[in-house]
Amino acid sequence: MQTKYLLGENQIPTHWYNIIPDMPGALAPVIHPGTNQPVTPNDLLPLFPMGLIEQEVSQERWIKIPDEVREIYRIWRPSPLFRAHRLEKALGTPAKIYYKYEGVSPAGSHKPNTAIPQAYYNKIAGTKRIATETGAGQWGSSMALAAKMFGLECTVYMVKVSFTQKPYRKSMMQLWGAEVIASPSDRTNAGRAILAKDPANQGSLGIAISEAVEDAATHEDTRYALGSVLNHVCTHQTVIGLEAKEQLKLAGDYPDVVIGCHGGGSNFAGIAFPFLADKAAGKAVRVLAVEPTSCPTLTKGVYAFDYGDTGKMAPIVRMYTLGHDFMPPGIHAGGLRYHGASPLVSQLVHAGLVEARAVGQLACFEAAVQFARTEAIIPAPESSHAIRGAIDEALRAKEEGKERTILFNLSGHGHVDMAAYDAYFSGQLEDFEYPAEKVKESLAHLPKVSF
Ligand SMILES: *Cc1c(COP(=O)(O)O)cnc(C)c1O
């Protein structure tokens, strides 16, 4: 029984798939938070290199992957596609389950797929240093790695509570040469203002974003980098789905349903967008995004213009949102605690082309443990949401007595998240109800935009 489907290095995709020309309808404008007018490329130049700004709005369906980027992709790409024979057997399902495994990257997740090209486009634009933020450290470690590959300096503002409680990804960033700063810090006006009011502040992703953006905006040689949400990030991640399609051809299969976990939307976009191209061409394929019930952006949020960050410094975009000042409960899947969602994924959900489902964290850990005990790989808590979605689809197929081919993205491994598993096994984890009252409050603060 063939278990893994591998491609050679020469089969790394030559182009990323850009879904923008295939979107159902025009893109909503991106609004400047200061002027309330649509942003121009010039507004973005202090933050991003032109190569990435162009990709953000490109109408080209296929964007060439620079040779320098493909050379580094060779370190771990193409990533393997597995058939989950042992999980299928344990579930007693007639469904076939395939998963694409992105935990083989050096940082342990899909995030280097975009960190590498972001560092590259900065390098050729003359950037000397990248400033970015990180929560638990998945993005920061990916950016530190990418910056080192292209000889750039890297400053990472890491949410203070993670800086002290989750030391190992900090160690990875430092090993790859980045400077890691606990946020809020005294490096920026944003950080100093918060520390002046509350010296014991433990930080948040919103504050760390504000610090990194300010750092980039106030230093000529420094640019900012974001690990999810933006169009160009989703485009870079499509190497996942493009490879998966070729690997499924080797298996002689095509999925009935494609599943990814959803935080800001990038790994979901990566696995799903290439299949949505087929769907637009008439192929019958369902596409499902799975998010946590504690931060249910796609299933309970509103489709509206909102700030990308808590500090109201990031652009205003049209997306599903729970409100920019919504603070989700502290679940262990830190990468899924974002109040908004990728504008591209949001528009696709709104158009009915993508389904969304919310699942509780206990059900996700249960799925992750079942997965680790059958398929052997220890999943990241974020990825466990996709596993839950896939197992539920497989159990439904069993109930209905139907064959079904399921593909999901295993976005990362959980080796640096073992404290979360310890908490699960010692009964310290709880399920959070949907925080309806808090969401109602934060949704009352959406900006007024007249576009
Ligand atoms: C960051 C992260 C996510 C969530 O981010 P998306 O942009 O929604 O993909 C999911 N899985 C892993 C392993 C991550 O590190």
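What counts as what
- Residues numbered from 1 in each chain as written.
- Predicted model: local features only at pLDDT ≥ 70, side-chain atom pairs only at ≥ 80, totals over all residues.
- Heavy atoms only, no water.
- Axes fitted to C-alpha atoms, helices over the stretch in contact; angles between N-to-C directions.
- Helix = DSSP H or I, 4+ residues; strand = E, 2+ residues; numbered from the N terminus.
- Parallel < 35°, antiparallel > 145°, perpendicular 65-115°, else oblique.
- Contact = heavy atoms within 4.5 Å.
- Nonpolar A, V, L, I, M, F, W, Y, C, P; charged D, E, K, R; others polar.
- Core = buried A, V, L, I, M, F, W, Y, C linked by side-chain atoms within 4.5 Å.
- Buried < 20%, exposed > 50% of the residue type's maximum accessible area, 1.4 Å probe, protein only.
- UniProt positions renumbered as here; feature names shortened; annotations may be inferred.

## Examining the packing of helix H16 (residues 361-375) against helix H17 (residues 384-400)
No. 1: Two elements in contact, H16 and H17, have axes whose closest approach is 8 Å; the angle formed by their N-to-C orientations is 80°. With respect to H17, the element H16 is oriented roughly perpendicular. Taken together, the residues of H17 that come into contact with H16 (itself represented by Ala363, Cys364, Phe365, Glu366, Ala367, Ala368, Gln370 and Phe371) are Ser384, His385, Ile387, Arg388 and Ile391.
No. 2: In the contact of H16 with H17, the residues fall into eight nonpolar, three polar and two charged.

## What about the nonpolar core?
No. 1: Trp16, Val69, Tyr73, Ile116, Met143, Phe150 and Met173 are the most contacted members of the largest nonpolar core, which totals 35 residues.
No. 2: Of all the secondary-structure elements, those providing two or more residues to this core are helix H3 (67-73), helix H5 (112-124), helix H6 (138-149), strand S7 (153-159) and strand S8 (179-183).
No. 3: If one sorts the elements of this core by residue count, H6 sits on top with six residues.
No. 4: With residues up to four places along the chain from it excluded, the contact list for methionine 143 reads Ala115, Ala119, Ile130, Thr132, Cys154 and Ala225.
No. 5: Formed by 33 residues, the second largest nonpolar core is a distinct cluster that contains Tyr98, Leu248, Phe268 and Val287.

## Some details on the UniProt feature "domain: Tryptophan synthase beta chain-like PALP" (unreviewed entry) in the protein
No. 1: Per the UniProt record, the feature "domain: Tryptophan synthase beta chain-like PALP" (unreviewed entry) sits at residues 76-412.
No. 2: A distance of 13 Å separates the end C-alpha atoms of residues 76-412, which is 44% helix and 19% strand.

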